[in-house]
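Letter by letter, the chains look like this.
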Amino acid sequence: QKEVEQDPGPLSVPEGAIVSLNCTYSNSAFQYFMWYRQYSRKGPELLMYTYSSGNKEDGRFTAQVDKSSKYISLFIRDSQPSDSATYLCAMSGYNNNDMRFGAGTRLTVKP
Amino acid sequence: GAVVSQHPSWVICKSGTSVKIECRSLDFQATTMFWYRQFPKQSLMLMATSNEGSKATYEQGVEKDKFLINHASLTLSTLTVTSAHPEDSSFYICSAGRDGETQYFGPGTRLLVL
């Protein structure tokens, strides 16, 4: 079993839809949870960064962490074609040296 | 803040030559830098972790004599692909981190070995 599981998709939604992206993990030592967005032929860009359980909202993006279930989510409201990218979840313990990434979910938002 | 640059952004070279890629943290001091490679439509694969002033720690299966990493300062790490071959063609991405914080990625370097 991989430490971090993420459905690679692809996921295709119409413009304006609510997108739900998810990851599960097995290592209970993970404390920091991140979502990165990667456009084709570009480096990953940090979108959301949360510590421990709870919700965090930034504009159209909401990150949720449920440590009891070892499950994290990223919600995108009012999705736009410009949101089309690969979304990577990542997590680490107290030291960012041990960061682990999901496989990435390819999202396409159709106009 | 937390901007990481890479240079060059792309490079084409002949088989057998060596290629150096630079990674710089522009507005913070990075205690640790990481090097990844990524094949098309695949996720990031960690190659090595480097701390300033010490030898890099390579992941299993990564040849340290082929992928030379130097972390000379808190803002600069270099990856040299020695005697590059076509199978080394890939997208190389660095990231930089501060203790207790996440990793910030560079824009990546696309390497094509002919």
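Reading the values: the criteria
Within each chain, residue numbers correspond to sequence positions counted from 1 in written order. Naming scheme: in the order in which they are written, chains are lettered from A and ligands are numbered from 1. Note on the predicted model: pLDDT of at least 70 is required for a residue's local features to be given, and 80 or more for side-chain atom pairs to be given and counted; whole-chain, interface and lining totals, by contrast, use all residues. In computing side-chain values, all of the structure's heavy atoms are included and hydrogens and water are not. Under the DSSP-based scheme used, a helix requires at least four consecutive residues in state H or I and a strand at least two consecutive residues in state E, with every element numbered from the N terminus. What the globule rule says is 2.2 Å times the number of residues to the power 0.38, and the radius of gyration is computed from C-alpha atoms. Only protein chains enter the calculation, and the probe is 1.4 Å; a residue is then buried if its accessible area is under 20% of its type maximum, exposed if over 50%, and partly exposed in between. Working rule for contacts: check all heavy atoms of both residues, and any pair within 4.5 Å makes them a contact. Only the protein chains shown count as covering a residue, and every accessible area follows the Shrake-Rupley method with a 1.4 Å probe. Throughout, a disulfide means two cysteine sulfur atoms within 2.5 Å of one another. Strand pairing is defined by DSSP finding a minimum of two bridges between the two strands. Salt bridge criterion: a side-chain nitrogen from Lys or Arg within 4 Å of a carboxyl oxygen from Asp or Glu. In this analysis, axes come from line fits to C-alpha atoms, helices being fitted only over the stretch in contact, and the angle between any two N-to-C directions falls in the range 0 to 180 degrees.

(A) Here's a closer look at the overall build of chain B. A count of helices and strands for chain B gives zero helices and eleven strands. Each helix (α) and strand (β) of chain B, taken in turn from the N terminus, gives the series β-β-β-β-β-β-β-β-β-β-β. In terms of C-alpha radius of gyration, chain B reaches 13 Å, essentially the compact-globule figure of 13 Å for 114 residues. The proportion of buried residues among the 114 residues of chain B is 51%. Contacts in chain B between residues far apart in sequence, at least 24 positions, make up 54% of those at least 6 positions apart. Taken as a whole, chain B presents about 5,500 Å² of accessible surface, with 52% of it coming from carbon and sulfur.

(B) Representation of the state of the cysteines within the structure. Here the structure, examined in full by the defined rule, presents two disulfides over all chains. Between the sulfur atoms of Cys23(A) and its disulfide mate Cys89(A) the distance is 2.0 Å. Around the S-S axis, the bridge from Cys23(A) to Cys89(A) shows a dihedral of about -100 degrees and counts as left-handed. Of the two residues, Cys23(A) sits in strand E3 (residues 19-25) while Cys89(A) sits in strand E9 (residues 85-92), which places them 66 residues apart along the sequence. In terms of burial, Cys23(A) and Cys89(A) fall into one category: buried. Sulfur-sulfur distance for the disulfide between Cys23(B) and Cys94(B) comes to 2.0 Å. Looking down the S-S bond of the Cys23(B) and Cys94(B) bridge, the torsion is 80 degrees, so its handedness is right-handed. Placement of the pair is Cys23(B) in strand E3 (residues 19-25) and Cys94(B) in strand E9 (residues 90-97), with a sequence separation of 71 residues. Judged by relative accessible area, which is 0%, Cys94(B) ranks as buried. In this model Cys13(B) remains outside any disulfide bridge; the closest cysteine sulfur is found in Cys94(B), 18 Å from its own. The exposure class of Cys13(B) is buried, given its relative accessible area of 10%.

(C) Highlighting the pairing of strand E5 (residues 45-51) of chain B. All names here are of chain B. Taking burial as the measure, the seven residues of E5 include five buried ones, the bulk of the element. Taken together, the six bridges between strand E4 (residues 32-38) and E5 define a ladder with antiparallel strand orientation. Looking at E5, one finds that Arg-37 is bridged to Met-45. Between E4 and E5, which follow one another and run antiparallel, lie six residues, and Lys-41 among them has a positive phi close to 60 degrees. Across two bridges, E5 lies against strand E6 (residues 57-58) in antiparallel orientation. Opposite Thr-49, over in E6, you have Thr-57 as the bridge partner. Taking the residues between adjacent antiparallel strands as the criterion, E5 and E6 are bridged by five residues, where Gly-53 takes a positive phi near 80 degrees.

(D) Looking closely at the pattern of salt bridges. All names here are of chain A. By the definition in use, this model includes six salt bridges over all chains. Across the pair Arg-100 and Glu-3 runs a salt bridge, and its minimum N-O distance is 2.8 Å. Of this pair, Arg-100 sits in strand E10 (residues 100-101) while Glu-3 is found in the segment before strand E1 (4-5), placing the two residues 97 residues apart along the sequence. As a salt-bridge pair, Glu-45 and Arg-37 come within 3.0 Å of each other at their nearest N and O atoms.

(E) Examining the sheet that holds strand E7 (residues 67-73) of chain B more closely. All names here are of chain B. The strand order across the open sheet built from four strands is E1-E3-E8-E7, with neighbouring strands paired in antiparallel fashion. Every interior strand has two partners, whereas the edge strands, strand E1 (4-7) and E7, have only one. Mean inter-strand twist for the sheet, computed between neighbouring axes without regard to direction, equals 15 degrees. Examined bridge by bridge, E7 and strand E8 (residues 76-81) share five bridges and lie antiparallel to one another. In the strand pairing of E8, Asn-70 is matched with Thr-78.

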